[in-house]
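# Fold and contact review
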Amino acid sequence: MTLAQIRRRVNALKRKFVLELAILRLRRIAEAVADDWDPSNPPEPHDVIQRVAKAGFRLSTFMRLQHYLKDTRSQGDVPEPRRIVTSLLPWASKDCYRGFFNCDLPALAR
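Let us look at a nonpolar patch on the surface. There is a patch of nonpolar side chains on the surface, built from Met1, Leu3, Ile6 and Val10 and spanning about 400 Å² of accessible area. Structurally, Leu3 is set in helix H1 (residues 3–16).

Spelled out as structure tokens, the structure:
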């Protein structure tokens, strides 16, 4: 098998699992945001949205995330990674994707 054939197969798998990969990529970002969140000095929602945008996501649901983060800030809580992801990807709350929030995240490829 040539390198070009391997690359085509990997790209085909990425296309096939695009929704699942989006959940996992956003979950990784959401968990990092929650881990870095300091309730006494929370980041601005715009900063979190910029972090998501820098990861390559261009979504029409950024306002939903902004509202969720503002509510979380005003209550003095730490955001839940699952809620961050489902704010950005509302379809990710379907039962068929539940396992993607309970599993361990795969290690980053280096």
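We are not done yet, so read on.
With that settled, the discussion passes to the packing of helix H2 (residues 18–36) against helix H5 (residues 81–88). At their nearest, the axes of H2 and H5 sit 8 Å apart, and the two run at 130 degrees to each other. Classified by the angle between their axes, H2 and H5 sit oblique to one another. Along this stretch, H2 crosses H5, giving a crossing that reads as right-handed. Counted together, Ile23, Leu26, Arg27, Ala30, Glu31, Val33 and Ala34 of H2 and Pro81, Ile84, Val85 and Leu88 of H5 form the full contact between these two elements. Among the residues forming the contact of H2 with H5, the class breakdown is nine nonpolar, no polar and two charged.

Buried within helix H3 (residues 45–54) we find Pro45, Val48, Ile49, Val52 and Ala53. For H3, the arc enclosing every buried residue in end-on projection is 140 degrees, short of the 170-degree limit, so these residues lie on one face. On its buried face, H3 is in contact with H2, helix H4 (62–75) and H5. Remark: Gly56 follows H3 within two positions and exhibits a positive phi of approximately 100 degrees.

Within this structure, the stated rule accounts for one cavity of 30 Å³ or more. Volume-wise, the largest cavity comes out at about 30 Å³. As for the largest cavity, its lining consists of Leu26, Ile29, Ala30, Val33, Val48, Val52, Ile84 and Leu88. Breaking the lining of the largest cavity down by element, the ones donating at least two residues are H2, H3 and H5. A per-class count over the lining of the largest cavity returns eight nonpolar, no polar and no charged.

In this structure, Leu26, Leu65, Val85, Leu88 and Leu89 are the most contacted members of the largest nonpolar core, which totals 23 residues. Put simply, the parts of the chain that give this core at least two residues each are H2, H3, H4 and H5. Sort the elements by how many residues they give to this core and H2 lands first, with six residues. In this structure, Leu26 is in contact with Val52, Phe57, Leu59, Val85, Leu88 and Leu89, ignoring residues within four places of it in sequence.

Analysis parameters
- Residues numbered from 1 in each chain as written.
- Predicted model: local features only at pLDDT ≥ 70, side-chain atom pairs only at ≥ 80, totals over all residues.
- Heavy atoms only, no water.
- Patch = residues over 30% accessible without salt bridge, like charges linked within 9 Å, V, L, I, M, F, W, Y side chains within 5 Å.
- Areas by Shrake-Rupley, 256 points an atom, 1.4 Å probe, with all protein chains shown as cover.
- Salt bridge = Lys/Arg side-chain N within 4 Å of Asp/Glu carboxyl O.
- Helix = DSSP H or I, 4+ residues; strand = E, 2+ residues; numbered from the N terminus.
- Axes fitted to C-alpha atoms, helices over the stretch in contact; angles between N-to-C directions.
- Parallel < 35°, antiparallel > 145°, perpendicular 65-115°, else oblique.
- Left-handed = near helix turned anticlockwise from the far one by under 90°.
- Contact = heavy atoms within 4.5 Å.
- Nonpolar A, V, L, I, M, F, W, Y, C, P; charged D, E, K, R; others polar.
- Buried < 20%, exposed > 50% of the residue type's maximum accessible area, 1.4 Å probe, protein only.
- Arc of directions from axis to C-beta.
- 1 Å grid on protein atoms, 1.4 Å probe; cavity = no way out; pocket = protein on both sides within 12 Å on 5 of 7 lines; lining within 4 Å.
- Points joined across faces, edges and corners; volume = space filled by probe spheres on them.
- Core = buried A, V, L, I, M, F, W, Y, C linked by side-chain atoms within 4.5 Å.

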